[in-house]
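Structural characterization, general
One-letter residues, chain by chain:
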Amino acid sequence: MRVQRRRGDVVVVGLDAVGRDLLTSLAAQYDEVLHDDEGDDAVHDRLFPAAYRDDPDADDEFRRYTYEGLVDRKSANAGRIAASIAAAGDGRILLDPDAVGAWLPALTDLRLVIAERLGIRRDDDPVPDGQLGQVYRWLAELQARLVDAVDR
Amino acid sequence: MVDVAQLVEHWLVVPVVAGSSPVIHPTMSLAQPDEVLEERTLIEPDRAWSTVVWNDPVNLMTYVTHVFRTYFGYPRPEAERLMLLVHHEGRATVASGPREEMERHTEAMHEFGLWATVERV
């Protein structure tokens, strides 16, 4: 995994074929989770948390006005990951600032979904050593390097 | 680094439906200079509501700082101060003003994957 910023604010992401396939697969799965109304409530609550803690009516109204738009924009971000990778073919992935702006929230949401599946709910909950735990760490590293590249 | 070589076949928790290619939309830009302007103009009359960001065990500290800088337009030191408040105190008020405005910020935070709520000041 290599992440570098180039002139013109383009970030270059070097992933091997396995990493590209993994991320493409994860983005597609995330998109399905977004559109699965019958899915895991806990996962759903992480992606669409309550805006009002003690006012269910206000929260319902907030959701009524924001939910579909949020799903659409999160879904578009997932699509942007797949599109960036597809456009790169076997080569390096080029992300302009707009693409980075789509990747970062999507990587965050992917990690939120996986964290819920792994039972990571508090700061001191350990990341399990299994494969999903490794995917979780790998996504964190990718995201950290992307943030470093654009914030430098 | 994680060796992803053996991972890709094992994490198809949700099977990918053939032909369900995601729709591509123009995505939000992280830089929103209009937001900064509005932050300045709404400072006065109505501060009855606030947007609060809460700690979670997932988000990277650098990413939270990045969001506070790019979305709210906070200078890096202020963005880092707010991020550390979230990290150590469990919450930070990142904006205050009219209710509709605070709902818009909260929606934006949810889009970034941050846990935010609208609170009465």
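Residues numbered from 1 in each chain as written. Chains lettered and ligands numbered in written order. Predicted model: local features only at pLDDT ≥ 70, side-chain atom pairs only at ≥ 80, totals over all residues.

To continue, consider the overall build of chain A. Scanning chain A from terminus to terminus reveals five helices and three strands. Each helix and strand of chain A, placed in order from N terminus to C terminus, yields the pattern β-β-α-α-α-β-α-α. What you see for chain A is a C-alpha radius of gyration of 16 Å, in line with the 15 Å of a compact globule of 152 residues. For the C-alpha atoms alone, the extent of chain A along its principal axes is close to 50 × 35 × 30 Å. Counting the 152 residues in chain A, one finds 38% classified as buried. In chain A, the proportion of contacts linking residues at least 24 apart, taken out of those at least 6 apart, comes to 63%. (Helix = DSSP H or I, 4+ residues; strand = E, 2+ residues; numbered from the N terminus. Rg over C-alpha atoms; globule rule 2.2 N^0.38 Å. Buried ≥ 20, exposed ≤ 12 C-beta atoms within 10 Å, placed from the backbone. Contact = placed C-beta atoms within 7 Å.)

The helix and strand tally for chain B stands at four helices and three strands. For chain B, the residues scored as buried account for 39% of the 121 residues in total. Taking all contacts inside chain B whose residues are at least 6 apart in sequence as the whole, residues at least 24 apart take part in 73%.

Right, let's talk about the sheet that holds strand β1 (residues 2-5) of chain A for a bit. Residues and elements named next belong to chain A. A sheet is described by the order of its strands in space; here three strands give the open sequence β1-β2-β3, paired in antiparallel fashion. Both outer strands of the open sheet, β1 and β3 (93-95), are each paired with one neighbouring strand and no more. In this sheet, adjacent strand axes meet at a mean angle of 20° when their direction is disregarded. Note that β1 and strand β2 (residues 11-14) share four bridges and pair antiparallel. In the strand pairing of β2, Arg 2 is matched with Gly 14. Running at roughly 15° to β1, helix α5 (residues 131-151) makes contact with β1 and β2 of the sheet. (Pairing = 2+ DSSP bridges. Axes fitted to C-alpha atoms, helices over the stretch in contact; angles between N-to-C directions.)

All right, on to the packing of helix α4 (residues 97-118) of chain A against α5(A) then. For any two helices packed against each other, the geometry comes down to the angle between their axes and how far apart the axes lie. Residue and element names in this part refer to chain A. Between α4 and α5, the shortest axis-to-axis distance is 10 Å and the interhelical angle comes to 155°. Relative to α5, the element α4 is oriented roughly antiparallel. With respect to the hand of their crossing, α4 and α5 are arranged in left-handed fashion. Along the contact surface, α4 presents Val 100, Trp 103, Leu 104, Leu 107, Thr 108, Leu 110, Arg 111, Ile 114, Ala 115, Arg 117 and Leu 118, while α5 presents Leu 132, Gly 133, Val 135, Tyr 136, Leu 139, Ala 140, Leu 142, Gln 143, Leu 146, Val 147 and Val 150. For the contact of α4 with α5, a count of residues per class yields 17 nonpolar, three polar and two charged. (Parallel < 35°, antiparallel > 145°, perpendicular 65-115°, else oblique. Left-handed = near helix turned anticlockwise from the far one by under 90°. Nonpolar A, V, L, I, M, F, W, Y, C, P; charged D, E, K, R; others polar.)

All names here are of chain A. Here β2 shows one buried face, formed by Val 11 and Val 13, and one open face, formed by Val 12 and Gly 14. In textbook terms, the turn of a hairpin is the stretch between consecutive antiparallel strands, and for β1 and β2 this stretch comprises five residues, one of which, Gly 8, has a positive phi near 80°. The pairing of β2 with β3 spans three bridges and is classified as antiparallel. By the bridge assignment, Val 11 is partnered in β3 with Leu 95.

With that out of the way, let us pick up the nonpolar core. With 66 residues, the main nonpolar core has Ala27(A), Tyr30(A), Trp103(A), Ala106(A), Val53(B) and Phe68(B) as its most contacted residues. In terms of residues, this core owes the most to one element, α4(A), which gives twelve residues. Ala27(A) has contacts with Ala78(A), Ile81(A), Ala82(A) and Ala106(A), leaving out every residue within four places of it along the chain. (Core = buried A, V, L, I, M, F, W, Y, C linked by C-beta atoms within 7 Å.)

All names here are of chain B. Counting buried positions along strand β1 (residues 49-54) yields five of six residues, so the element is predominantly enclosed. Bridge analysis of β1 against strand β2 (residues 91-97) gives six bridges, and the strand direction is antiparallel. Along β2, the bridge assignment pairs Thr 51 with Ala 95.

What follows is about unusual backbone geometry. Here the phi dihedral of Asp9(A) falls at roughly 65°; this positive angle occurs in a residue that is not glycine. By the C-beta count within 10 Å, which is 13 here, Asp9(A) ends up partly exposed.

For the rest of this paragraph, the subject is α4(A). Helix length check: α4(A) (22 residues) gives 31 Å between terminal C-alpha atoms against 32 Å at 1.5 Å per residue, within 8%. Residue Gly119(A) follows α4(A) closely and has a positive phi angle near 75°. (Expected span 1.5 Å × (residues − 1).)

Okay, the sheet that holds β2(B) next. Residues and elements named next belong to chain B. Taken in spatial order, the three strands of this open sheet run β2-β1-β3, and their pairing is antiparallel. Across the chains shown, the open sheet's two edge strands, defined by having one partner strand only, are β2 and β3 (115-120). Going across the sheet, the axis of each strand differs from the next one's by a mean of 25°, ignoring polarity.

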